[in-house]
Amino acid sequence: MDSLPLWLLVVVFVAGAAVIWFAGIQLSKTTDVLDDRLHLGSALGGLIVLAVATNLPEIAITVSAAASGSIEVAAGNILGGIALQTVVIVILDAFGKRGKGVKPITYRAASLTLVLEAVVVVAVLAVVIAGSQLPAGLVVARLTPDVVLIAAIWLVGLFLVQRASKGLPWHEDGKAPDTTTPHLGHRTRKPDPTKTMSTAKAAVVFAIAALATLVAGVVLELAGDAASSKIGLSGVLFGATVLALATSLPEISTGLQAVKQGDDNLAISDIFGGNAFLPVLFLVATVISGKAVLPQANASDIFLTALAALLTVVYAVGLVFRPRKYVLGMGLDSLIVLLLYMVGVGGLIAITLG
């Protein structure tokens, strides 16, 4: 796409974003149906089904980069967007559901299972940072110990979330105690007309929306990279801000749709699930390339990884203490996350200029 004029690249970028937005809405609706029919529960559904589907562009780009030997691209692609995907919760909090008496999203979610998911994200990101310091030659049978440990933590996390969805030894029932929403297990949502959709139709719509997300996401990345080079914007800075926001559109659209349906748990679980899943792609990249991927991560990638862990901890605390009031149009935890991310972007600029 480097040969295309800037105006056409912008058109392609916007068109790809529009396709991703619409496909994301369909993914959310059909995931809600499949969760019920397959008895996954909204937390596990967000952690596996929706999280994987909305990260299909990153999967395709990682596989392509690893196959071509550009493992630094694979590292940057995975780590660059995790922090901003956490900030998507701020968008869901500020724009998802407003009105008199409405509480912040971390108050409405009211689930300790989501706190467990946040812990899994932080654990995975901690191994990412540690793995970046290992020697590049530590490869055995096309695997490195760091990526194996990341995948193991993710799998253990899935098991724990599934077990937690059946009950926890705490006085916690999956809904805010002062709401009138009927108890529906781990999820609290409004009746949705899509529930009349058959399982087969839901699966077909989900597959089509996932494919559209995959293709449009790759086009978005290519057009964005070409446009940033034409306007002279730093690739790292562009990737961590504008491009990361664009590739987070699936999470934004699916999250807003989930919040609209009253399923705040699914919205947050999609974000945490995606952030926990993305580093697992390092295992795929390592197997394909035969090289250690994490040692190729640069300073900005590791900086953003640490920032993502910090933002996740803020939301984990918010889910425990459940803020009741909005501050500047969002929950206090969301405001703190937004401010920390803005400071983080300043740090990223300092790193790239230094």
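Everything below is about the structure shown above.
1. Topic: the nonpolar core
Consideration 1: In terms of nonpolar packing, the biggest core is built from 76 residues, with Ile150, Ile268, Phe272, Phe282 and Tyr341 touching the most fellow members.
Consideration 2: The element that contributes the greatest number of residues to this core is helix α15 (residues 299-321), accounting for 10 residues.
Consideration 3: Among residues more than four places away in sequence, those in contact with isoleucine 150 are Val124, Val127, Val128, Pro279, Val280, Phe282 and Leu294.
Consideration 4: Residues Leu27, Val33, Met197 and Ala210 belong to the second largest nonpolar core, which totals 11 residues.

2. Re helix α13 (residues 264-277)
Because the α-helix completes a turn every 3.6 residues, residues three or four places apart line up on one side.
Consideration 1: In this model, α13 (14 residues) spans 20 Å end to end at C-alpha, consistent with the 20 Å of a helix rising 1.5 Å per residue.
Consideration 2: Burial analysis of α13 places 14 of its 14 residues in the buried class, the great majority of the element.

3. Observations regarding the packing of helix α3 (residues 56-67) against helix α9 (residues 199-231)
Consideration 1: At their nearest, the axes of α3 and α9 sit 7 Å apart, and the two run at 60° to each other. Between α3 and α9, the crossing angle belongs to the class labelled oblique. Crossing geometry of α3 relative to α9 is assigned as right-handed. Contacts between α3 and α9 involve Leu56, Pro57, Ala60 and Ile61 from the former and Ala210, Thr213, Leu214, Gly217, Val218 and Glu221 from the latter.
Consideration 2: Class assignment of the residues belonging to the contact of α3 with α9 gives a composition of 7 nonpolar, 2 polar and 1 charged.

Reading the values: rules and limits
The residue numbering used here restarts from 1 in each chain and proceeds along that chain's sequence as written. Per-residue local features are limited, in this predicted model, to residues with pLDDT of at least 70; the limit for side-chain atom pairs, both in listing and counting, is 80 or more; totals at the level of whole chains, interfaces and linings are taken over all residues. Hydrogens and water molecules were not included; the side-chain quantities draw on all heavy atoms of the structure. To form a nonpolar core, buried Ala, Val, Leu, Ile, Met, Phe, Trp, Tyr and Cys residues must be joined to one another through side-chain atoms within 4.5 Å. Each residue gets one of three labels from its accessible area relative to the maximum for its type: buried under 20%, exposed over 50%, partly exposed in between, using a 1.4 Å probe on protein chains only. Only DSSP runs of H or I covering at least 4 residues are called helices, and only runs of E covering at least 2 are called strands; the numbering of each starts at the N terminus. Residues count as neighbours in contact if any of their non-hydrogen atoms are within 4.5 Å of one another. How far a helix is expected to stretch is found by multiplying one less than its residue total by 1.5 Å. Lines fitted to C-alpha atoms define the axes here, with helix axes fitted over just the stretch in contact, and angles between the N-to-C directions of these axes take values from 0 to 180 degrees. Here roughly perpendicular refers to angles of 65 to 115 degrees, roughly parallel to angles under 35, roughly antiparallel to angles over 145, and oblique to all remaining angles. Each helix crossing is assigned a hand: it is left-handed if the near helix lies turned anticlockwise from the far helix by less than a right angle, otherwise right-handed if that turn is clockwise. In this classification, Asp, Glu, Lys and Arg are treated as charged, Ala, Val, Leu, Ile, Met, Phe, Trp, Tyr, Cys and Pro as nonpolar, and every other residue, Gly included, as polar.

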